[in-house]
Amino acid sequence: MNALEKAFDPERFRAEGHRVVDLLADMLRSEAAGEAAVLPWASPEDELAHWEGRMAGPPQPPSDFIAEVIARSIKLHHPRYMGHQVCAPAPDSVLAGLASELLNNGMAVYEMGPASNALEQWIIRQTCGRIGFSNGDGFLTSGGTLGTLTALLAARSKMAAHGQETAVIASEEAHYCTARAVEIMGGDRHGLVTVPVDDRFKMRTDLLRDALEEAARRGRRPVVLVASACSTSTGSYDDIGACADFCERHGLWLHVDGAHGAAVAFHPGLRDRIAGIERAHSVVLDFHKLLMTPALATAVMFREPGDSWAAFHQQARYLFKEGDSDSWKDSGRRTLECTKLGMSLKIAALWRASGEEVFREHLAAVHALAKDFAAILRSRPPFEVVVEPESNIVCFRLNPPSCDDRTADALNARARREVVESGGFYIVQTVLRGRTWLRAALMNPFTTPRDLSAMLDALEVAASVHETEPSR
Ligand SMILES: Cc1ncc(COP(=O)(O)O)c(C=O)c1O
């Protein structure tokens, strides 16, 4: 068999595939038991050197290669993974992902992905229903960043005269994807007007008028207000109802960046956090954050179905049919992507296997865990929690009375680094009001309060070693 025949041999695929699934199932079992290191730490230089060596070696079957990759990867299914907002994907969804990759249905036009295009439309209709867009429409795209850019492009195209200098308003805690979208759209750094947050890190909607005046001072016409649902650092939800009132009074487009938190639309008991979202013009929601789908899988939804066509206007005679401009069937008309991942299969497989119940149970588990964690922190000085969590994100730190601000910042950063490099836990850090805070996004529904207490123990041990060292 030559290399090309070997690459496409179905029996080799079957045998290797079974081995790979066994490896992954073993990985899941060992992670659930907390056996493996969360992050097998190596410096970036050492990791690159390792792979340079391996890639120069003799050919290796995929199962051996993947075994090595698993051993050297961060483990999102480990209950002690508590870092960035990337989910531990549900295995049912992953299996559909494998099929989707082999099918490689391109999605841009219906003919290139009949099942995946139809399922995409089904997912969008269902999700619009949960958001409260009774007549809404939209599509899936690769990530909240791209989704926000697409929604803002649609907003500009609907709201602004061509060539007009526009401004977008968002809170100072909004995810950087809004600032990036504004720059891509040619708005430079003056195109974004930021609004301060209150003591719960929510947008000060009482200061929105000042933002309008600031935009006018910059010679720009404000067209969009972005509400965060929720913010990235602290998981705080802006008051969407107040944002919608303001937008209606001043003729602005309301975009809700619900990449992380709009998922609560699937849980009646948590939905109050996004009250008013049905009044937004556009909403972005990531299935790869709180809804257990492998990255990337983002829904971009519009209250008015016609607005979902507003971002892009390019014609392509080799791809799209003339006179079929408002049909969901050719999803490439509405997304920045031409060839697009068949991400709908990953969402639909999980939905089909377990129903919406699985989303509800997951949301309930990780939100309850955040409340438990805040309670643990409050009972364990010198730990403190920055704000009562509304989401599954908790910011906290060690604040020993003996330390000044600078020393405490350095202490927390060093303790985190030590704990992460030990492989025992993965947490991240952020800066809030000029101070360093540790940050846990509780993405794994099987993390327990005991895991959280053990993480605090580890931080305390690491900090006690450094507490007496001078800060650098
Ligand atoms: C509020 C918010 N918006 C947007 C994004 C970006 O989403 P993505 O990573 O899917 O591009 C994030 C990512 O953490 C986020 O938290």
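These figures come from a predicted structure and were not determined experimentally. (Residues numbered from 1 in each chain as written. Predicted model: local features only at pLDDT ≥ 70, side-chain atom pairs only at ≥ 80, totals over all residues.)

### Re the domain arrangement of the chain
Thinking step 1. Domains assigned within the chain are domain 1 (105-354) and domain 2 (357-466).
Thinking step 2. Between domain 1 and domain 2, the C-alpha centre-to-centre distance is 30 Å.
Thinking step 3. If you look at the interface, domain 1 gives 21 residues, while domain 2 gives 19 residues.
Thinking step 4. Looking at side-chain class alone, the side of domain 1 that touches domain 2 contains 11 nonpolar, eight polar and two charged residues. (Domains from an automatic or database assignment. Contact = placed C-beta atoms within 7 Å. Nonpolar A, V, L, I, M, F, W, Y, C, P; charged D, E, K, R; others polar.)

### Quick notes on the environment of Ala-265
Thinking step 1. Counting through the fold element by element, Ala-265 comes out in the loop between strand 5 (253-258) and strand 6 (282-286).
Thinking step 2. Taking the C-alpha atoms as reference, Ala-265 lies 9.8 Å from Leu-285; in sequence the two are 20 residues apart. (Helix = DSSP H or I, 4+ residues; strand = E, 2+ residues; numbered from the N terminus.)

### Quick word on the site of the ligand
Thinking step 1. Within the structure, the ligand sits among 14 residues, and Gly-143, Gly-144, Thr-145, His-175 and Ala-259 are positioned closest to it.
Thinking step 2. For the shell around the ligand, a count of residues per class yields three nonpolar, nine polar and two charged. (Near = placed C-beta within 6 Å.)

### Remarks on the nonpolar core
Thinking step 1. Counting residues in each nonpolar core, the largest one holds 119 residues, and the members touching the most others are Leu-225, Leu-254 and Ala-262.
Thinking step 2. Among the elements that take part in this core, helix 12 (residues 357-378) stands out by supplying seven residues, more than any other.
Thinking step 3. For this core, the domains that each give at least three residues are domain 1 (105-354) and domain 2 (357-466).
Thinking step 4. Filtering out sequence-adjacent residues up to four positions away, Ala-262 remains in contact with Ile-131, Ala-229, Val-256, Ile-274, Ile-277, Val-283 and Leu-285. (Core = buried A, V, L, I, M, F, W, Y, C linked by C-beta atoms within 7 Å. Buried ≥ 20, exposed ≤ 12 C-beta atoms within 10 Å, placed from the backbone.)

### A short note on the packing of helix 6 (residues 114-131) against helix 11 (residues 344-354)
Thinking step 1. Look at helix 6 against helix 11: their axes get within 9 Å of each other, and the N-to-C directions meet at 60°. Handedness of the crossing formed by helix 6 with helix 11: left-handed. For the pair helix 6 and helix 11, contact is made by Ser-116, Leu-119, Glu-120 and Ile-123 and by Ser-344, Leu-345, Ile-347 and Ala-348, respectively.
Thinking step 2. Looking at the contact of helix 6 with helix 11 residue by residue, the classes come out as five nonpolar, two polar and one charged. (Axes fitted to C-alpha atoms, helices over the stretch in contact; angles between N-to-C directions. Left-handed = near helix turned anticlockwise from the far one by under 90°.)

### What to know about the environment of Cys-128
Thinking step 1. In this structure, Cys-128 sits in helix 6.
Thinking step 2. Residue Cys-128 is classed as buried on the basis of its 23 C-beta neighbours within 10 Å.
Thinking step 3. When the C-alpha positions of Cys-128 and Ala-88 are compared, they lie 24 Å apart, and in sequence the two are 40 residues distant.

### Describing the environment of Ile-66
Thinking step 1. With respect to the helices, strands and loops of the structure, Ile-66 is situated in helix 4 (residues 62-71).
Thinking step 2. Counting along the chain gives 42 residues from Ile-66 to Leu-24, while the straight-line C-alpha distance between them is 9.2 Å.
Thinking step 3. Aside from chain neighbours lying at most four places away, what touches Ile-66 is Val-20 and Leu-23.

### Topic: the sheet that holds strand 3 (residues 192-195)
Thinking step 1. Reading across the sheet, the seven strands line up as 1-7-6-5-4-2-3 and stay open at both edges, with mixed pairing between neighbours. What marks the edges here is a single partner per strand, and that holds for strand 1 (137-141) and strand 3. Here the strands of the sheet are splayed against their neighbours by 20° on average, with no regard to which way each runs.
Thinking step 2. The pairing of strand 5 with strand 6 spans four bridges and is parallel. Bridging from a neighbouring strand, Gly-258 pairs with Leu-285 of strand 6.
Thinking step 3. Across the sheet, helix 9 (residues 208-217) touches strand 2 (166-171), strand 3 and strand 4 (221-228), and the angle it forms with strand 3 is around 155°. (Pairing = 2+ DSSP bridges.)

### Some remarks on the pairing of strand 1
Thinking step 1. For strand 1, the tally of buried residues reaches five of five residues, placing the bulk of the element in the interior.
Thinking step 2. With burial as the criterion, each face of strand 1 is covered, one bearing Asp-137, Phe-139 and Thr-141 and the other bearing Gly-138 and Leu-140.
Thinking step 3. Across five bridges, strand 1 lies against strand 7 (residues 298-302) in antiparallel orientation. By the bridge assignment for strand 7, Phe-139 is matched with Val-300.

### Here we look at the packing of helix 2 (residues 10-32) against helix 4
Thinking step 1. Following both chains from N to C, one finds helix 2 and helix 4 inclined at 20°, their axes separated by 9 Å at the closest point. By the criterion of interaxial angle, the relationship of helix 2 to helix 4 is roughly parallel. Note on packing geometry: the crossing formed by helix 2 with helix 4 is right-handed. In contact with Glu-16, Arg-19, Val-20, Leu-23 and Met-27 of helix 2, helix 4 contributes Pro-62, Ser-63, Ile-66, Ala-67 and Ile-70.
Thinking step 2. Partitioned by chemical class, the residues of the contact of helix 2 with helix 4 number seven nonpolar, one polar and two charged. (Parallel < 35°, antiparallel > 145°, perpendicular 65-115°, else oblique.)

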